[in-house]
Amino acid sequence: MAWRSSGATNEALIENLYQNGLITSERVKNAMKGVDRAHYAPSAPYQDSPQSIGHRATISAPHMHASAAESLLPYLRPGAKVLDVGSGSGYLTHVLAELVKPGGKVVGVEHIQALVDLGRRNTGKSAEGRELLESGALEYHKADGRLGWPAEAPYDAIHVGAAAAGHQEALIEQLRSPGRLFIPVEEAYMQHIYVVDKDENGKVTKKKEYGVQYVPLTDAPTED
Ligand code: SAH
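Read on for a plain summary of the structure. (Residues numbered from 1 in each chain as written. Predicted model: local features only at pLDDT ≥ 70, side-chain atom pairs only at ≥ 80, totals over all residues. Heavy atoms only, no water.)

Here we come to the overall build of the protein chain. When you go through the protein chain residue by residue, the secondary structure sums to seven helices and nine strands. For a compact globule of 224 residues, the expected C-alpha radius of gyration is about 17 Å, and the protein chain comes in at 16 Å, within 12% of that figure. By its C-alpha atoms, the protein chain is 45 × 40 × 35 Å across when sized along the principal axes. When each of the 224 residues of the protein chain is scored for burial, the buried share is 52%. Pairs at least 24 apart in sequence give 55% of the contacts found in the protein chain among residues at least 6 apart. When the accessible area of the protein chain is evaluated, it comes to approximately 10000 Å², of which 52% is carbon and sulfur surface. A distance of 2 Å separates the average location of the 23 positive side-chain charges in the protein chain from that of its 28 negative side-chain charges. (Helix = DSSP H or I, 4+ residues; strand = E, 2+ residues; numbered from the N terminus. Rg over C-alpha atoms; globule rule 2.2 N^0.38 Å. Buried < 20%, exposed > 50% of the residue type's maximum accessible area, 1.4 Å probe, protein only. Contact = heavy atoms within 4.5 Å. Areas by Shrake-Rupley, 256 points an atom, 1.4 Å probe, with all protein chains shown as cover. Lys, Arg positive; Asp, Glu negative; His and termini not counted. Charge placed at Lys NZ, Arg CZ, Asp CG, Glu CD.)

Here is the structure:
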């Protein structure tokens, strides 16, 4: 149960996720300890639950961020290139950037300008985050993430933080061989995580995992 992992500090939250088996790798544990969730969640940052960040977006629960990072981990090596679609608060974007240090690069794509600015501002709250932004190892861009970010393709790993209305060919196209895509997909009013692997020969396999509840991956709101 999600709430069992909540803590009084960032360190306690991450340690509890680890004790409860929601984080299993030391690398993910250390990367999440290195990014203070208080810089990204507007309230109750050390609670293991999603929170509103405005603009109908939410920062996902810590156990979901952990699950995504663990799933992509074999592709998150130093020097790897990563795309985070629907970067929202910027929390996972920053954690991913920590996991591909040194020499790696993470691109966060978000279709609401205010959230592009929010992600950048949140990342700038720590010295490590500022260093990532200044060195170009972490970039935020405003774009329709369904189209990926072709300028930096191919990607070793792609994370999608919003539920897609179907499989996204443009994203699969932008995966390296080998590479992995973590994406929530909507099917018959349900959402499931799919892990899409492209092997070294370019062969694609899609594995359906657990049921989830994400904000939808949509057209940008017209007022923006
Ligand atoms: N990983 C983020 C999730 C934010 S919620 C976090 O934990 O903070 C999902 C985000 O996807 C929202 O910010 C929403 O604005 C964004 N989004 C939805 N459709 C999109 C699209 N087509 N292109 C880019 N971003 C999109």
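This brings us to the site of the ligand. Near the ligand you find 22 residues, and of these His65, Ser89, Glu110, Gly145 and Thr218 are the closest. Between the ligand and Gly86 there is a distance of 3.5 Å, counted from a nitrogen atom to a backbone nitrogen or oxygen. A distance of 2.8 Å separates an oxygen atom of the ligand from a polar atom in the side chain of Ser89. Within the complex, the protein chains bury 98% of what would otherwise be the 580 Å² of accessible surface of the ligand. (Near = heavy atom within 4 Å. Polar contact = N/O pair within 3.5 Å; in protein donor to acceptor, adjacent residues only side chain to side chain.)

Once that is clear, we can look at the sheet that holds strand β5 (residues 138-142). Read from one edge of the open sheet, seven strands run β5-β4-β3-β6-β7-β8-β9, paired in mixed fashion. Each of the sheet's edge strands pairs with one partner strand only, and the pair in question is β5 and β9 (204-211). Mean inter-strand twist for the sheet, computed between neighbouring axes without regard to direction, equals 15°. When strand β3 (residues 81-85) meets strand β6 (residues 155-160), the two strands line up parallel, connected through four bridges. Residue pairing for β6: Val85 is matched across the bridge by Val160. (Pairing = 2+ DSSP bridges. Axes fitted to C-alpha atoms, helices over the stretch in contact; angles between N-to-C directions.)

Another aspect to go through is the pattern of salt bridges. Going through the model one piece at a time under the given rule, you end up with 14 salt bridges. A salt bridge links Asp219 to Arg146; its shortest N-O distance comes to 2.6 Å. Of the two residues, Asp219 sits in the segment after β9 while Arg146 sits in the loop between β5 and β6, which places them 73 residues apart along the sequence. The exposure class of Arg146 is partly exposed, given its relative accessible area of 22%. One salt bridge in this structure joins Arg176 and Asp156, with 3.0 Å as the shortest N-O distance. (Salt bridge = Lys/Arg side-chain N within 4 Å of Asp/Glu carboxyl O.)

The next point concerns the pairing of strand β8 (residues 190-198). For β8, the tally of buried residues reaches eight of nine residues, placing the bulk of the element in the interior. By the bridge criterion, nine bridges tie strand β7 (residues 175-187) to β8 in an arrangement that is antiparallel. Considered in β8, the bridge of Gly179 is made with Lys198. Hairpin connection, β7 to β8: the antiparallel pair is bridged by two residues, and Ala188 has positive phi, about 50°. Counted along the chain from β8 to the antiparallel partner β9, the turn is five residues long, and its residue Gly202 has a positive phi close to 90°.

As a volume, the largest pocket reaches approximately 880 Å³. At the level of elements, β2 (57-59), α3 (62-72), β3, α4 (91-99) and β4 (105-110) are the ones that each hand at least two residues to the lining of the largest pocket. (1 Å grid on protein atoms, 1.4 Å probe; cavity = no way out; pocket = protein on both sides within 12 Å on 5 of 7 lines; lining within 4 Å. Points joined across faces, edges and corners; volume = space filled by probe spheres on them.)

Relative to each other, α4 and helix α6 (residues 127-135) sit at 80°, their axes nearing to 11 Å. In terms of axis orientation, α4 runs roughly perpendicular to α6. Contacts between α4 and α6 pair His94, Ala97 and Glu98 from the former with Glu128, Gly129 and Leu132 from the latter. Classifying every residue of the contact of α4 with α6 gives two nonpolar, two polar and two charged. (Parallel < 35°, antiparallel > 145°, perpendicular 65-115°, else oblique. Nonpolar A, V, L, I, M, F, W, Y, C, P; charged D, E, K, R; others polar.)

The quantities given are spatial measurements derived from coordinates; they are silent on function.
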